[in-house]
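Given next are the chains, with one letter for each unit.
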Amino acid sequence: MGKTLAEKIWEDHIVRSAAGEPDLLYIDLQLIHEVTSAQAFDGLRLAGRQVRRPDLTIATEDHNTPTIDILKPIADPVSKLQIDTLRNNAKEFGIRIHSLGDADQGVVHVVGPQLGITQPGMTIVCGDSHTSTHGAFGAIAFGIGTSEVEHVLATQTLPSSRPKTMAINVEGTLKTGVTAKDIILAIIAQIGTGGGQGYIIEYRGSAIRELSMEGRMTVCNMSIEAGARAGLIAPDQKTFDYIKGKPHAPEDFAAAQSYWETLFTDADAQFDREITLNADELEPFVTWGTNPGQGLPLNASVPNPAEIKDSEERGAAERALQYMGLEAGTPLKKIAIDTVFLGSCTNGRIEDLRAAASVLEGKKISPTLRMLVVPGSERVRQQAMKEGLDKVFIDAGAEWRNAGCSMCLGMNPDQLAVGERSASTSNRNFEGRQGKGGRTHLVSPLVAAATAIRGTLSSPADL
Amino acid sequence: MEKFVTHTGSGVPLRRSNVDTDQIIPAVYLKRVTRNGFEDGLFSAWRSDPEFVLNKQEFKSGTVLVAGPEFGTGSSREHAVWALQNYGFKAVISSRFADIFRGNSLKGGLLTVILPQSAVEALWVAIEGNPATAITVDLESRTVTYHDVTVAFELDDYTRWRLMEGLDDIGLTLKHTDSIDSFEAKRPSYKPKTLPIRI
Ligand code: SF4
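Quantities reported herein were computed from a predicted structural model and do not represent experimental measurements.

Got a sec to walk through empty space enclosed by the protein? Specific residues and values, please.
Evaluation of the coordinates by the stated rule reveals three cavities of 30 Å³ or more. Estimated volume of the largest cavity: approximately 210 Å³. Looking at the lining of the largest cavity residue by residue, the class counts come to seven nonpolar, ten polar and four charged. By volume, the second largest cavity is sized at about 80 Å³. Here the lining of the second largest cavity is built from residues that sort into five nonpolar, seven polar and one charged.

Below, the structure written as structure tokens:
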């Protein structure tokens, strides 16, 4: 019997396997950031251990960094200590770091691909659950905890039990205005936040193949929101073209590509679970609740919990509506928004900024809201400025910021106030995710831009 | 890591599903560079509500958290495990845990026990009926016991052994350094490196 893509990559990385034990997996790349690494480096120091492969490790500052006045000392002393700790650890252990102000600083999952160090057939880890983003290149990429970060630093391996495999086939053609973000929000709404638990998802089908690399990253990024260990997409010519010319593209490109071309699921391979979605029917999607599975097409209305059969889900929906301050039956398009956030590792890349700018060009954002545009990386920011996108945003009345995670997780000062409602291109609408008491609706960049103009959840078609 | 063989304590019923790691500990509490002191961030948004279960006197000394399904979804922050441990929890019982949270908990010695939802509900009823109910989570026999009820749970032999011996994963892996060396010797040269820096 043939193998799935995930099985092929997994097997290529087994250092050691023994009955009754997890496989010991070789890790090709570890990405590091300030929030989940300090305790790992401490652990190394305590045990007198070294970093085994600094040359397979890279650090950047993103989660807790300011997006304004980035070259001034960080005001919050606790945040400053966290950043300083990362810088000191990188220095002590000989790890490459891209600090604030550096051209390659940015959200860790935007930085890897743009440097060309994310490549097909790799195993990639990071102390961050959205590591699944890198799966867009046909890599097994997953988030790990700090103990595991330490483990990989010390050994460049990770004991892991082999996940099951799931295929999600998205067949058909997306309508205009429907994007990669809508695909993944629709998938999560269908299979639920636990639907992918224990699986590596392979996204397949014509609608996935049609996506750009950036769109594929958006889809893989939110695999974790469906509970999956990782998500990936078989590499193709688009993948190879994207990597070509990037700083860390393989020198012997032909050799690398001939391996990459073997990375697909064999025709006779079996997945443990298969799901099919019709791309023709998809609409712009938005979440109404407090987990990413609570989403609906933008044309729908806030659901009535009383109509939900499953008691657990009904209770969750009731709580969500209460937290979100929403009435059952309200058309989603009537929901007024206070803050629009365009950014994050889900939708903070150049194509996302271009998409939003194309809607905002020559228009003004509604005076009832503020809009924050936070590029995913410094390189994205520079590219956007080269294209004049910063002007479009600023002229429309949005704030143009420096790169980082920013309001995606509300760890730095970019936060929602209590009761404030956002339309956000990020990936999590958990209670308080963007600031204590803040209310989040997850949307695509196109919906974010149209919402900014109209003041209520909207798609460009409503303009 | 501290050994985990058996633990007996009282329970805290958390009747919520999808308790994500942003609820367990919000991002603003993740700035510390140590592994301790995270208890003040545990469920911080909910703790401002006097009716929240952890604020009730009868549940203050609980060490076994009994939660709804999909516990620990969301971010990979191990701080969520530390916050629960720093607060005093030794075990968490739920019918479903998110993968990364579960991995983190079992690495760090916080025992996450999967029981059927019906058993979780029965346990909620028992604890709410009598908050002093002693709950024993026993790794040796892989059972949860309270009153005269005993429910078995599954945990693979390898993880159980590691927890019962309190073994450090890194130490275990380093015994196989030879295998890592020979794997590395065969890695293709086109695999990317972060150093030297190329621009
Ligand atoms: S942008 Fe958001 S989801 Fe992505 S790494 Fe940063 S905090 Fe995590």
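So what's going on with the nonpolar core? Which residues, and what values?
Judged by nonpolar contacts, the single largest core of 104 residues is most densely connected at Phe393 of chain A together with Leu14, Phe43, Phe71, Leu84 and Leu111 of chain B. If one sorts the elements of this core by residue count, helix α16 (residues 445-454) of chain A sits on top with seven residues. When near neighbours in sequence (up to four residues on either side) are disregarded, Leu111 of chain B contacts Phe4, Lys90, Ala91, Val92, Leu106, Val137, Leu139, Phe153, Leu155 and Leu163 of chain B. Counting 73 residues, the second-largest nonpolar core is a separate cluster that includes Leu25, Val170 and Phe285 of chain A together with Ile170 of chain B.

Outline the sheet that holds strand β6 (residues 143-146) of chain B, listing residues and values.
Residues and elements named next belong to chain B. Pairing within the open sheet is mixed, and its seven strands lie in the order β4-β3-β2-β1-β5-β6-β7. Each edge of the open sheet is held by one strand with a lone partner, namely β4 (111-114) and β7 (149-152). For this sheet the average axis-to-axis angle between neighbouring strands, irrespective of direction, equals 30 degrees. In this structure, strand β1 (residues 6-14) lies alongside strand β5 (residues 134-138), joined through five bridges in antiparallel fashion.

Give a description of the interface of chain A and chain B that names residues and reports values.
Listed by partner, the interface residues are 85 residues for chain A and 63 residues for chain B. In this assembly, chain A packs against chain B so that about 6000 Å² is buried in total across both faces, 55% of it on carbon and sulfur atoms. Applying the counting rule to chain A against chain B returns ten salt bridges. Across the pair Arg49 of chain A and Asp168 of chain B runs a salt bridge whose closest N-O atoms are separated by 3.4 Å. Where chain A packs against chain B, one counts 42 residue pairs in polar contact (both at pLDDT 80 or more). Counted by class, the side of chain A that touches chain B contains 29 nonpolar, 31 polar and 25 charged residues.

What counts, and at which threshold
- Residues numbered from 1 in each chain as written.
- Chains lettered and ligands numbered in written order.
- Predicted model: local features only at pLDDT ≥ 70, side-chain atom pairs only at ≥ 80, totals over all residues.
- Heavy atoms only, no water.
- 1 Å grid on protein atoms, 1.4 Å probe; cavity = no way out; pocket = protein on both sides within 12 Å on 5 of 7 lines; lining within 4 Å.
- Points joined across faces, edges and corners; volume = space filled by probe spheres on them.
- Nonpolar A, V, L, I, M, F, W, Y, C, P; charged D, E, K, R; others polar.
- Core = buried A, V, L, I, M, F, W, Y, C linked by side-chain atoms within 4.5 Å.
- Buried < 20%, exposed > 50% of the residue type's maximum accessible area, 1.4 Å probe, protein only.
- Helix = DSSP H or I, 4+ residues; strand = E, 2+ residues; numbered from the N terminus.
- Contact = heavy atoms within 4.5 Å.
- Pairing = 2+ DSSP bridges.
- Axes fitted to C-alpha atoms, helices over the stretch in contact; angles between N-to-C directions.
- Buried area = accessible area lost by both parts, 1.4 Å probe.
- Salt bridge = Lys/Arg side-chain N within 4 Å of Asp/Glu carboxyl O.
- Polar contact = N/O pair within 3.5 Å; in protein donor to acceptor, adjacent residues only side chain to side chain.

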